[in-house]
Amino acid sequence: MVTKRAMLTDEERSVYEWQTWVHDFGEAGQEALKGASVLVSRVGGLGSVAAYELAAAGVGRLVLAHKGNVKPSDLNRQLLMTHDWIGKPRVESAARRLSELNPRMEIVAIEENINEDNAERIISQCDAIVDCAPLFEERFAMNREAVRQKKPLVECAMYDLEARITSVMPGVTPCVACLHPEKPAEWKREFPVFGAVSGMVGCLGAMEAIKIIAGFGEPLYNRMITMDLRAMTFRSIQLKRNPSCPVCS
Amino acid sequence: MKIRVELTGQLKQAIGQAQLEYDLPEGSSIQRLFERLAAEFPEPASKYAIGEDGGLKPNILLFINDEQATADDSIVLHDGDVAGFLSPISGGSRHEEGKW
């Protein structure tokens, strides 16, 4: 468990009743979620769904970081964006939709993408991070700061009909730089994807964050799940730290 | 011996196949597999996976039979091994003005 617990109201007990029946989660787990602050970095195809599930689950505070305005091409996968919000800030659309689902939750909407200059400030506001960023520069900046502040980081990614997820616990697991020490030279930020693929791994990312915050189940520490929805094949790969990693070793 | 190769991400897209199978001599090292891949698919391999020195590019995560592996000559392949090349992937978003 990575957060302090916050007492539930009777209304919250009613809303979250079905998940508090999960035997190793219970009301204590729900109190941990209520006491938690989670950063979702970018609320696009991955982050929209991750944030929505975290809001539904009763996280007490969500910090959303995403710069830019809603575009028509967002709408096949960025489920917190709506047609009537095209041309307006994505993070505002996300905050509006999330507060409709969970009006009890505090939302901190930051119209910035994570970078080297703001990572310390933004990450200091959270207990755990769900990384849904499109650029490796963002992921590396977030990873460096998460390791420095010893904050758990759930890494979600997708491409075409593929998706991957692992969870980073600084000092325990490989960090992002252990796995991919360099930015790929040929990376294109726009690529094929279905919303059902990004949404699937967004759901998994939310579940990872919930397990880590509430301290139950087996988070994906030292493991990565790779998914190919074209062939419907799933793998669990054992990971290892890089003993000479410049970030975490 | 038969070695199955699994490709992902941009490397898979560039090669146009998710899986390959190679017949290598017994006792071959992982380097032999890199050479075969580079010989059969020179352009996508050099762009996404194999460096100028013939070794694996650092941003590719290699796994052998569901375990992450270090791409050096100490890895000897065995019949039936599955070697996976995890090309980095991320999230997707349209470009915005300003930093990143």
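Here, every reference points to the structure presented above.
In this report, we go over the structure that sits alongside the text. Small disclaimer: the values here were computed from a predicted structure and weren't measured.

## A word on the overall build of chain A
Of the regular secondary structure elements, chain A holds nine helices and eight strands. Relative to its length of 249 residues, chain A is compact, with a C-alpha radius of gyration of 17 Å against a globular reference of 18 Å. Expressed as lengths along the three principal axes of its C-alpha atoms, the size of chain A is roughly 55 × 45 × 40 Å. Counting every position in chain A, which comprises 249 residues, the buried fraction comes to 59%. Intrachain contacts of chain A at a sequence separation of at least 6 include 65% that bridge at least 24 residues. When the accessible surface of chain A is summed, it comes to about 10000 Å², and 54% of that surface belongs to carbon and sulfur atoms.

## As for the pattern of salt bridges
All names here are of chain A. Tallied over the entire structure, the rule returns 24 salt bridges over all chains. Close ionic contact of Arg121 with Glu112 constitutes a salt bridge, the shortest N to O distance being 2.9 Å. In this structure Arg121 comes out as partly exposed when scored by relative accessible area, which is 42%. Residues Arg148 and Glu145 are paired through a salt bridge, measuring 2.8 Å at the closest nitrogen-oxygen approach. Here Arg148 pairs with Glu145, and both are found in helix α7 (residues 136-149), just three residues apart, close to one helical turn. Glu145 sits in the buried class, given a relative accessible area of 10%.

## Looking at the nonpolar core
Residue and element names in this part refer to chain A. Formed by 79 residues in total, the largest nonpolar core has its most connected members in Leu39, Val40, Leu54, Leu62, Leu64 and Val130. Ranked by residue count, the leading element in this core is helix α9 (residues 195-214), at eight residues. If sequence neighbours within four positions are ignored, Leu62 has contacts with Val38, Val40, Ala51, Leu54, Ala55, Leu98, Met105, Glu106, Ile107 and Val108.

## Side note on the interface of chain A and chain B
Listed per partner, the contact involves 54 residues of chain A and 34 residues of chain B. If you look at where chain A meets chain B, you find four salt bridges. Our count for the contact surface shared by chain A and chain B stands at 17 residue pairs in polar contact (both at pLDDT 80 or more). Taken together, the elements giving at least two residues each to the side of chain A that touches chain B come down to α7, β5 (153-159), β6 (162-168), β7 (223-228) and β8 (233-238) of chain A. When grouped by side-chain class, the residues that make up the side of chain A that touches chain B number 21 nonpolar, 11 polar and 22 charged.

## What about the packing of helix α4 (residues 45-57) of chain A against α9 of chain A?
Residues and elements named next belong to chain A. Remark: α4 packs on α9, axes separated minimally by 7 Å, with the N-to-C direction vectors making an angle of 45 degrees. By the angle class used here, α4 and α9 are oblique. Along this stretch, α4 crosses α9, giving a crossing that reads as right-handed. Note on element contacts: α9 touches α4 through Ser198, Gly199, Val201, Gly202, Cys203, Ala206, Ala209 and Ile210, opposite Gly45, Leu46, Val49, Ala50, Glu53, Leu54 and Ala57.

## Re the packing of aromatic side chains
All names here are of chain A. Evaluation of the coordinates by the stated rule reveals four aromatic pairs over all chains. When the ring of Phe136 is compared with that of Phe140, the centres are 6.3 Å apart and the planes differ by 50 degrees; the resulting orientation is tilted. Placement of the pair is Phe136 and Phe140 together in helix α7, with a separation of four residues, close to one helical turn. A relative accessible area of 12% means that Phe140 is categorised as buried.

## With respect to unusual backbone geometry
All names here are of chain A. Unusually for a residue other than glycine, Arg42 sits at a positive phi of about 75 degrees. Among the secondary structure elements, Arg42 is positioned in the loop between β1 (37-41) and α4. In this structure, Met232 is a non-glycine residue whose phi angle is positive, near 55 degrees. In this structure, Met232 sits in the loop between β7 and β8. Note on Met232: relative accessible area 55%, which makes it exposed.

## Section: the pairing of β6 of chain A
Residues and elements named next belong to chain A. Across the seven residues that make up β6, a large majority, seven, are buried. Neither face of β6 is left uncovered, since the one carrying Glu162, Arg164, Thr166 and Val168 and the one carrying Ala163, Ile165 and Ser167 both have all their residues buried. As paired strands, β5 and β6 are joined by seven bridges and run antiparallel to one another. Residue Ala157 lies in a different strand from β6, and its bridge partner there is Arg164. Remark: two residues form the turn of the hairpin made by β5 and β6, two consecutive strands paired antiparallel; Asp160 in that turn has positive phi of roughly 60 degrees.

## Let's talk about helix α3 (residues 26-34) of chain A
The set of residues buried in α3 of chain A consists of Gly26, Gly29, Gln30, Glu31, Ala32 and Leu33 of chain A. Looking at the buried side of α3 of chain A, the elements it contacts are α2 (17-20), α4 and α9 of chain A.

## Points about the environment of Val91 of chain A
All names here are of chain A. Within the element layout of this structure, Val91 appears in helix α5 (residues 90-101). Accessibility expressed as a relative area gives 3% for Val91, which makes it buried. Taking C-alpha positions, Val91 is 15 Å from Ala55, a pair spaced 36 residues apart along the chain. Residue contacts for Val91: discarding those within four places in its chain leaves Leu64, His66, Ala109, Ile110 and Glu111.

## Notes on the pairing of strand β4 (residues 128-131) of chain A
The two faces of a sheet get side chains in turn, since along a regular strand they alternate between them. Residue and element names in this part refer to chain A. Side-chain alternation along β4 places Ala128 and Val130 on one buried face and Ile129 and Asp131 on a second face that is also buried. Alignment of β4 against β5, held across three bridges, turns out to be parallel. Within the sheet, the bridge partner assigned to Ile129 lies in β5 and is Leu153.

Conventions and cut-offs
Residues numbered from 1 in each chain as written. Chains lettered and ligands numbered in written order. Predicted model: local features only at pLDDT ≥ 70, side-chain atom pairs only at ≥ 80, totals over all residues. Heavy atoms only, no water. Helix = DSSP H or I, 4+ residues; strand = E, 2+ residues; numbered from the N terminus. Rg over C-alpha atoms; globule rule 2.2 N^0.38 Å. Buried < 20%, exposed > 50% of the residue type's maximum accessible area, 1.4 Å probe, protein only. Contact = heavy atoms within 4.5 Å. Areas by Shrake-Rupley, 256 points an atom, 1.4 Å probe, with all protein chains shown as cover. Salt bridge = Lys/Arg side-chain N within 4 Å of Asp/Glu carboxyl O. Core = buried A, V, L, I, M, F, W, Y, C linked by side-chain atoms within 4.5 Å. Polar contact = N/O pair within 3.5 Å; in protein donor to acceptor, adjacent residues only side chain to side chain. Nonpolar A, V, L, I, M, F, W, Y, C, P; charged D, E, K, R; others polar. Axes fitted to C-alpha atoms, helices over the stretch in contact; angles between N-to-C directions. Parallel < 35°, antiparallel > 145°, perpendicular 65-115°, else oblique. Left-handed = near helix turned anticlockwise from the far one by under 90°. Phe/Tyr/Trp six-rings, centres within 6.5 Å; stacked < 30°, edge-to-face > 60°. Pairing = 2+ DSSP bridges.

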